[in-house]
Amino acid sequence: MESLEQYINQQTASAPRSSAFRADLPFGQWRASLAAGFIERLGGFPAQRAALEPVQLERTVCPGYIRERVGITTYEGLRMAMYLLLPEQPLSSPCPAVLAIHGHGYGSREITGLNPDGSERTGDPGLHKDFAVSLVKQGFVVAAPEVLGFGDRRLAEDLKSGEPGRNSCFRLSAALLMTGQTMAGFRIYETMRALDYLQQRDEVDGERIGIMGISGGGLVAGFTAALDERISSAVVSGYANTFQDSILTRNHCLDNYIPGILLEAEMPDLLGLIAPRGLFLEAGDADHLFGPAGAREALERLEQIYAAEGHGGQLAADFFTGGHEIHGEPAYAWLLKQLAGPQE
């Protein structure tokens, strides 16, 4: 008789993945079908977008860049704050831009060089390595949204706890699941609204917008790029893998789970929706959450998808020595090349 582990592994392994990539289908047909099914599994998006109603909350001059905090409306009745980092001396005007999506931690301040209370941080930057600041110093306009469930966007009980790293993911995810929605869907859609805002800024070239995210932010970055073709290039750090080899191997945060997704496809197929646009993967050889074996399997599958579209050169990866963390420099150099303006 099978053990419980064997039984449940067999259940997930045998799920049909009926919309997985097939080279015998026209790429556009496959992409449209999987994207529609994916959006449905996420809980769908609003038919009409609410007015953004942007409000500037802060403005600080920092060494080499300007940091603004802006609030926008995402869903009707729901507001989101984000940091906007503007190069003090842009490389070009308007500039390319990058959406920077943080993972689990204390929110958007963690990737912008700040402590949880908004003061300047001087200590260890942790796994995020202040990558939003690194990006603005490359000459990008950077938008760093406060992902739902973190930082200022937590339930009152978590805000009052005095623990800045305590998130509201479980209760928010559970409530959304009970109403046919998902936390992934909400976060992806809110990132699309941040993109709407970026495209309204005079400093931003709306045709040259990329995205970069780590861990749970890698989920948001990769899947937003998969479903929104306005994003021309994506860096997915510490996330690209297979569901079978990552989140199904341990107890992960509830925000990772999308009901029925394995009936549609595996993670590399979903990330393959980005093709033929640029995709760059970062994976540490000691990442204990999204390990290198699953990451390499994902890359192999993505190589098949990009090759079938004739755009294999738009896919790249950095398998580095390290753990569950931003690596950085190779990804920044790749984004600079991807988002460079027309050559004169």
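Refer to the structure printed above.
In this convention, every chain numbers its residues from 1, walking through the sequence in written order. Reporting in this predicted model follows two pLDDT cut-offs: at least 70 for local features of residues, and 80 or more for side-chain atom pairs to be given and counted; totals over whole chains, interfaces and linings ignore these cut-offs and use all residues. Based on all heavy atoms of the structure, the side-chain values leave hydrogens and waters out of the count.

Peer 1: An account of the overall build of the protein is requested, with residue identities and associated values reported.
Peer 2: By the criteria applied, helices consist of DSSP H or I runs no shorter than four residues and strands consist of E runs no shorter than two, each listed in order from the N terminus. For the protein, the helix and strand inventory stands at 11 helices and nine strands. In this setup the radius of gyration rests on C-alpha atoms only. A globule is expected at 2.2 Å times the number of residues raised to 0.38. In terms of overall dimensions, the protein is globule-like: its C-alpha atoms have a radius of gyration of 19 Å, near the 20 Å expected for 344 residues. By its C-alpha atoms, the protein is 65 × 55 × 45 Å across when sized along the principal axes. The buried share among the 344 residues of the protein stands at 55%. By the convention used here, residues are in contact when the closest approach between their heavy atoms is within 4.5 Å. Nonlocal contacts in the protein, meaning residues at least 24 apart in sequence, comprise 71% of its contacts between residues at least 6 apart. Here the Shrake-Rupley method, with its probe set to 1.4 Å, supplies the accessible areas, and only the displayed protein chains count as covering residues. Put simply, the protein shows about 14600 Å² of open surface, and 52% of that area lies on carbon and sulfur atoms. Counting 28 positive and 43 negative side-chain charges, the protein places the averaged centre of each group 4 Å from the other. We call a residue buried when its accessible area falls under 20% of the maximum for its residue type, exposed when it is over 50%, and partly exposed in between, using a 1.4 Å probe and counting protein chains only. As used throughout, the charge tally considers Lys and Arg to be positive and Asp and Glu to be negative, leaving His and the chain termini uncounted. Charge placement uses NZ in Lys and CZ in Arg. For Asp and Glu, CG and CD serve respectively.

Peer 1: Just give me the short version of the side chain of arginine 154, but keep the residues and values in it.
Peer 2: Here arginine 154 lies in the loop between β5 (141–145) and α4 (156–159). Buried arginine 154, no salt bridge; nearest opposite-charge side chain is aspartate 158, N-O distance 6.2 Å. A 3.5 Å cut-off defines polar contacts: any pair of N or O atoms within that distance qualifies, except that in protein one atom must be a possible hydrogen donor and the other a possible acceptor, and neighbouring residues in sequence count only when both atoms are side-chain atoms. Reaching out from arginine 154, the side chain makes a polar contact with the backbone oxygen of glycine 151 at a distance of 2.8 Å. Aside from chain neighbours lying at most four places away, what touches arginine 154 is Gly149, Leu159, Glu163, Pro164, Arg166, Asn167 and Ser168. Definition used for salt bridges: Asp or Glu carboxyl oxygen within 4 Å of a side-chain nitrogen of Lys or Arg.

Peer 1: Could you give an account of the packing of helix α6 (residues 183–200) against helix α7 (residues 216–227), with specific residues and numbers?
Peer 2: When two helices pack together, their arrangement is given by the angle between their axes and by how far apart the axes lie. A fitted line through C-alpha atoms serves as each axis, taken over the contacting stretch for helices, and the angle formed by two N-to-C directions is quoted from 0 to 180°. Viewed as axis vectors pointing N to C, α6 and α7 meet at an angle of 65 degrees, and their least axial separation amounts to 9 Å. Here α7 runs roughly perpendicular to α6, going by the angle between their axes. Here the hand of the crossing between α6 and α7 comes out right-handed. Every residue of α7 that contacts α6 at Ala184, Arg187, Ile188, Thr191 and Met192 is listed here: Leu219, Val220, Phe223, Thr224 and Leu227. The residue makeup of the contact of α6 with α7, split by class, is seven nonpolar, two polar and one charged. Roughly parallel means an angle under 35 degrees; roughly antiparallel means over 145; roughly perpendicular covers 65 to 115; every other angle is labelled oblique. Whether a crossing is left-handed or right-handed is set by the direction in which the near helix is turned from the far one by less than a right angle, anticlockwise for left-handed and clockwise for right-handed. Under the convention adopted here, Pro, Cys and the residues Ala, Val, Leu, Ile, Met, Phe, Trp and Tyr are nonpolar, Asp, Glu, Lys and Arg are charged, and Gly plus all remaining residues are polar.

Peer 1: Lay out the side chain of arginine 31 with the relevant residues and their values.
Peer 2: For arginine 31, the location among the structural elements is in helix α2 (residues 27–42). Residues in contact with arginine 31, not counting those within four places in the same chain, are Ala226, Leu227, Glu229, Leu273, Ala275 and Arg277.

Peer 1: With reference to specific residues and values, describe the environment of glutamine 11.
Peer 2: Mapped onto the fold, glutamine 11 is located in helix α1 (residues 4–13). Classification of glutamine 11 by relative accessible area gives partly exposed; the value is 36%. In sequence terms glutamine 11 and proline 330 are 319 residues apart; their C-alpha atoms lie 38 Å from each other. Reaching out from glutamine 11, the side chain makes a polar contact with the side chain of glutamine 10 at a distance of 3.2 Å.

Peer 1: Describe the sheet that holds strand β1 (residues 55–62), listing the residues and the values that go with them.
Peer 2: One open sheet accounts for nine strands, arranged β1-β2-β3-β5-β4-β6-β7-β8-β9; its pairing is mixed. Two strands in the sheet have a free side with no partner beyond their single neighbour: β1 and β9 (315–320). Between one strand and the next, the sheet's axes are offset by a mean angle of 20 degrees, whatever the strand orientation. Along the sheet face, helix α10 (residues 292–308) touches β8 (278–284) and β9 and points at about 165 degrees away from the line of β9. Whether two strands pair comes down to DSSP finding at least two bridges between them.

Peer 1: Explain α2 to me, and be specific about the residues and the numbers.
Peer 2: Structurally, the α-helix is built with 3.6 residues per turn, so residues lying three or four positions apart point the same way. Each residue after the first adds 1.5 Å to the expected span of a helix. The first and last C-alpha atoms of α2 sit 22 Å apart over 16 residues, in line with the 22 Å expected at 1.5 Å per residue. Every buried residue of α2 is accounted for by Phe27, Trp30, Arg31, Leu34, Ala35, Gly37, Phe38 and Leu42. If you follow the buried residues of α2, they end up packed against α6, α7, α8 (261–264), α9 (267–271) and α10.

Peer 1: Tell me about the packing of α2 against α7, and name the residues and values.
Peer 2: The interhelical angle for the contact between α2 and α7, taken along N-to-C directions, is 130 degrees, at an axis separation of 10 Å. By the angle class used here, α2 and α7 are oblique. The chirality of how α2 crosses α7 is left-handed. When α2 is examined against α7, the residues Arg31, Ala35, Phe38, Ile39 and Leu42 are found in contact with a partner set consisting of Phe223, Ala226 and Leu227. Per-class residue counts for the contact of α2 with α7 are seven nonpolar, no polar and one charged.

Peer 1: Could you give an account of a negative patch on the surface, naming the residues involved and the relevant values?
Peer 2: Like charges within 9 Å and nonpolar side chains (Val, Leu, Ile, Met, Phe, Trp, Tyr) within 5 Å are joined into patches, using only residues over 30% in relative accessible area that form no salt bridge. On the surface, Asp245, Glu297, Glu300 and Glu303 cluster together to form a negatively charged patch. For glutamate 297, the location among the structural elements is in helix α10.

Peer 1: Before we move on, can you summarise helix α5 (residues 169–178) with the specific residues and values?
Peer 2: Buried residues of α5: Cys169, Leu172, Ser173 and Leu176, and no others. In an axial view of α5, the angular spread of the buried residues amounts to 95 degrees, which keeps them on one side of the axis. Relative to its buried face, α5 has exposed residues pointing more than 90 degrees away, namely Phe170 and Met178. The secondary structure elements touched by the buried residues of α5 are α6. Of the residues flanking the end of α5, it is glycine 180, one or two places downstream, whose phi is positive at about 80 degrees. By arc we mean the arc of the directions from the helix axis to the C-beta atoms, nothing more.

Peer 1: Lay out unusual backbone geometry in plain terms, naming residues and giving numbers.
Peer 2: Leaving glycine out, the prevailing phi sign among residues is negative, and the prevailing peptide bond configuration is trans. For the bond from alanine 275 to proline 276, the omega torsion is 5 degrees, close enough to zero to count as cis. With respect to the element layout, proline 276 can be found in the loop between α9 and β8. A positive phi angle, near 45 degrees, is found at glutamate 53, a position not held by glycine. Within the chain, serine 215 stands out as a residue other than glycine whose phi angle is a positive 60 degrees. Considering the arrangement of structural elements, one finds serine 215 in the loop between β6 (204–214) and α7.

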